[in-house]
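# A look at the structure
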Amino acid sequence: GVPAGVPLIVEARRRGVPVIAEIELAYRFLRGRIVAIMIKKEVFLFIVGGVFVVEALSVILQVASYRLRKKRIFKMAPIHHHFELSGWPEQKVVVRMWILGIILAIFGLSSLKIL
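Residues numbered from 1 in each chain as written. Predicted model: local features only at pLDDT ≥ 70, side-chain atom pairs only at ≥ 80, totals over all residues. Heavy atoms only, no water.

## A few points about the side chain of Ser65
Mapped onto the fold, Ser65 is located in helix α4 (residues 50-69). Not counting the four nearest positions on each side in its chain, Ser65 is found in contact with Lys70, Lys71, Arg72 and Ile73. (Helix = DSSP H or I, 4+ residues; strand = E, 2+ residues; numbered from the N terminus. Contact = heavy atoms within 4.5 Å.)

## Considerations on α4
Along its 20 residues, α4 runs 27 Å from first to last C-alpha, staying within 8% of the 28 Å computed at 1.5 Å per residue. Its buried side turned inward, α4 meets α3 (42-48), α5 (79-85) and α6 (90-110). Positive phi shows up at Lys70, right after α4, with a value of about 60°. (Expected span 1.5 Å × (residues − 1).)

## Observations concerning the pattern of salt bridges
Under the defined criterion, the tally for this structure stands at 2 salt bridges. With a closest N to O distance of 2.7 Å, Arg15 and Glu11 form a salt bridge. Of the residues examined, Arg15 reaches a relative accessible area of 63% and is grouped as exposed. Residues participating in the shared-partner salt-bridge network are Glu11, Arg14 and Arg15. (Salt bridge = Lys/Arg side-chain N within 4 Å of Asp/Glu carboxyl O. Buried < 20%, exposed > 50% of the residue type's maximum accessible area, 1.4 Å probe, protein only.)

## Some words on the side chain of His82
Within the secondary structure, His82 is located in helix α5. Overall, the relative accessible area of 17% leaves His82 in the buried class.

## Some thoughts on the packing of aromatic side chains
The geometry of an aromatic ring pair comes down to the distance between the two centres and the angle between the two planes. Counting across every chain of the model gives 1 aromatic pair. Ring plane angle 15° and centroid distance 4.9 Å describe the contact between Phe83 and Trp88, whose orientation is recorded as stacked. Under the relative-accessibility criterion, Phe83 is labelled partly exposed at 24%. One residue, Lys70, lies across the ring of Tyr66, its end atom 5.9 Å from the ring centre. Above the ring of Trp88, the side-chain terminus of Lys92 is found at 5.1 Å from the ring centroid. (Phe/Tyr/Trp six-rings, centres within 6.5 Å; stacked < 30°, edge-to-face > 60°. Lys NZ or Arg CZ within 6 Å of the ring centre and 35° of its normal.)

## Section: unusual backbone geometry
A cis amide bond links Ala77 with the next residue in sequence, Pro78, at an omega value of 0°. We note that Lys70 has phi near 60°; this positive angle belongs to a residue other than glycine. For Lys70, the location among the structural elements is in the loop between α4 and α5.

## Re a nonpolar patch on the surface
A cluster of nonpolar residues, Val94, Val95, Trp98, Ile99, Ile102, Ile103 and Ile106, forms a patch on the protein surface that exposes about 680 Å² of accessible area. Locating Trp98 in the fold gives a position in helix α6. (Patch = residues over 30% accessible without salt bridge, like charges linked within 9 Å, V, L, I, M, F, W, Y side chains within 5 Å. Areas by Shrake-Rupley, 256 points an atom, 1.4 Å probe, with all protein chains shown as cover.)

## Some thoughts on the environment of Arg15
Mapped onto the elements, Arg15 comes out in the loop between α1 (7-14) and α2 (22-29). In terms of polar contacts, Arg15 uses its side chain to reach the side chain of Glu11, at 2.7 Å. (Polar contact = N/O pair within 3.5 Å; in protein donor to acceptor, adjacent residues only side chain to side chain.)

Take a look at the structure:
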């Protein structure tokens, strides 16, 4: 979120403009129940979502490389297609991504200090 002391937020409140947090905004538009954990560990999200981060980064790198150098880094992006084109069966790629996701989730959760 944005700190409450930011001049733009202070001025908006002074003028009577309602200022709400993103969680409250989501709550107003979503119909189901919401359970949220708010922590100040942004790196944690990159660890737990590591597979998705790698998939997204592979696309970003592929596009940037092709635009700048006219060369591809991977046979195809996202990276799971690269592995498939390299001869890995789709099931093997999926299972390896699951394993990596589980390992990263356990690692990320073990790094949290809950109490």
